[in-house]
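Observations on the model geometry
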Amino acid sequence: MVCEQMPVLTGEKATRALRAGGFGGLIIGMTGDPKGCSERDEFEASGLSICVDKDMPGIQRVAQMFRSFALNEELDEKPGAGSSSLPP
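What you see is a predicted model; the values in this text were computed from it and never measured.

Thresholds applied
- Residues numbered from 1 in each chain as written.
- Predicted model: local features only at pLDDT ≥ 70, side-chain atom pairs only at ≥ 80, totals over all residues.
- Heavy atoms only, no water.
- Helix = DSSP H or I, 4+ residues; strand = E, 2+ residues; numbered from the N terminus.
- Buried < 20%, exposed > 50% of the residue type's maximum accessible area, 1.4 Å probe, protein only.
- Contact = heavy atoms within 4.5 Å.
- Areas by Shrake-Rupley, 256 points an atom, 1.4 Å probe, with all protein chains shown as cover.
- Pairing = 2+ DSSP bridges.
- Right-handed = clockwise from strand over helix to strand, strands pointing away.
- Polar contact = N/O pair within 3.5 Å; in protein donor to acceptor, adjacent residues only side chain to side chain.
- Arc of directions from axis to C-beta.

Some thoughts on the overall build of the protein
- When its secondary structure is counted, the protein shows three helices and three strands.
- Counting helices and strands in the order they occur from the N terminus, the protein gives β-α-β-α-β-α.
- Taking all 88 residues of the protein together, the buried fraction comes to 27%.
- Relative to all contacts within the protein whose residues are 6 or more apart in sequence, the contacts with residues 24 or more apart total 40%.
- Put simply, the protein shows about 5900 Å² of open surface, and 58% of that area lies on carbon and sulfur atoms.

Observations regarding the environment of Arg61
- Along the chain, the position of Arg61 falls in helix H3 (residues 56-77).
- Exposure remark for Arg61: the relative accessible area of 45% places this residue in the partly exposed category.
- The residues contacting Arg61, other than those within four sequence positions of it, are Ile50, Cys51 and Val52.

Observations regarding the pairing of strand S2 (residues 28-31)
- Of the two faces of S2, the one lined by Ile28 and Met30 and the one lined by Gly29 and Thr31 are each fully buried.
- Bridge count for strand S1 (residues 2-3) against S2 is two bridges, and the pairing is parallel. Bridge pairing in S2 links Val2 to Gly29.
- A crossover links S1 with its parallel partner S2, the connecting element being helix H1 (residues 11-20), and its sense is right-handed.
- With four bridges connecting them, S2 and strand S3 (residues 50-53) associate as parallel partners. Within S3, the position partnered with Met30 by the bridge is Val52.

Points about the environment of Asp53
- Relative to the helices and strands, Asp53 resides in strand S3.
- Separated by 22 residues in the primary sequence, Asp53 and Thr31 place their C-alpha atoms 5.2 Å from one another.
- Not counting chain neighbours up to four residues away, the residues in contact with Asp53 comprise Met30, Thr31, Asp33, Lys35, Arg40, Gly58 and Ile59.
- Within polar-contact distance, the side chain of Asp53 engages the side chain of Arg40 at 2.3 Å.

Considering the environment of Leu18
- By the element assignment, Leu18 lies in helix H1.
- Overall, Leu18 belongs to the partly exposed group, its relative accessible area being 36%.

Concerning H1
- Taken residue by residue, H1 has Gly11, Glu12, Ala14 and Thr15 as its buried positions. Each buried residue of H1 lies within a common arc of 165° when the element is viewed along its axis, so the set occupies one face. Exposed and facing more than 90 degrees away from the buried side of H1 are Lys13 and Ala20.
- Residues of H1 that are buried sit in contact with S1 and helix H2 (38-44).

As far as function goes, none of this settles anything; it's purely spatial.
Shown next, in the form of structure tokens:
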């Protein structure tokens with residue numbers, strides 16, 4: 001998860017660096033910039049998997065994603081449910 005307003009390395013620059021380094025995983029971006037402004041457009045184009053607003057619906061969306069990931073991880077760890085992403 002990255003924020004466009006991170007103090008040392010902006011979310012856009014961090015995302016571009018991660019993608020350039022070969023990271024293919026999920027990158028969630030959060031921004032307070034309104035849809036349609038150039039800063040948000042550049043942030044979204046940097047390689048984010050998803051971009052959400054820093055408002056209550058955006059935070060709820062991220063919380064739901066985290067719950068879904070946690071549920072999938074728990075299911076993966078049950079015997080016979082397939083391979084787990086965690087070491088034994």
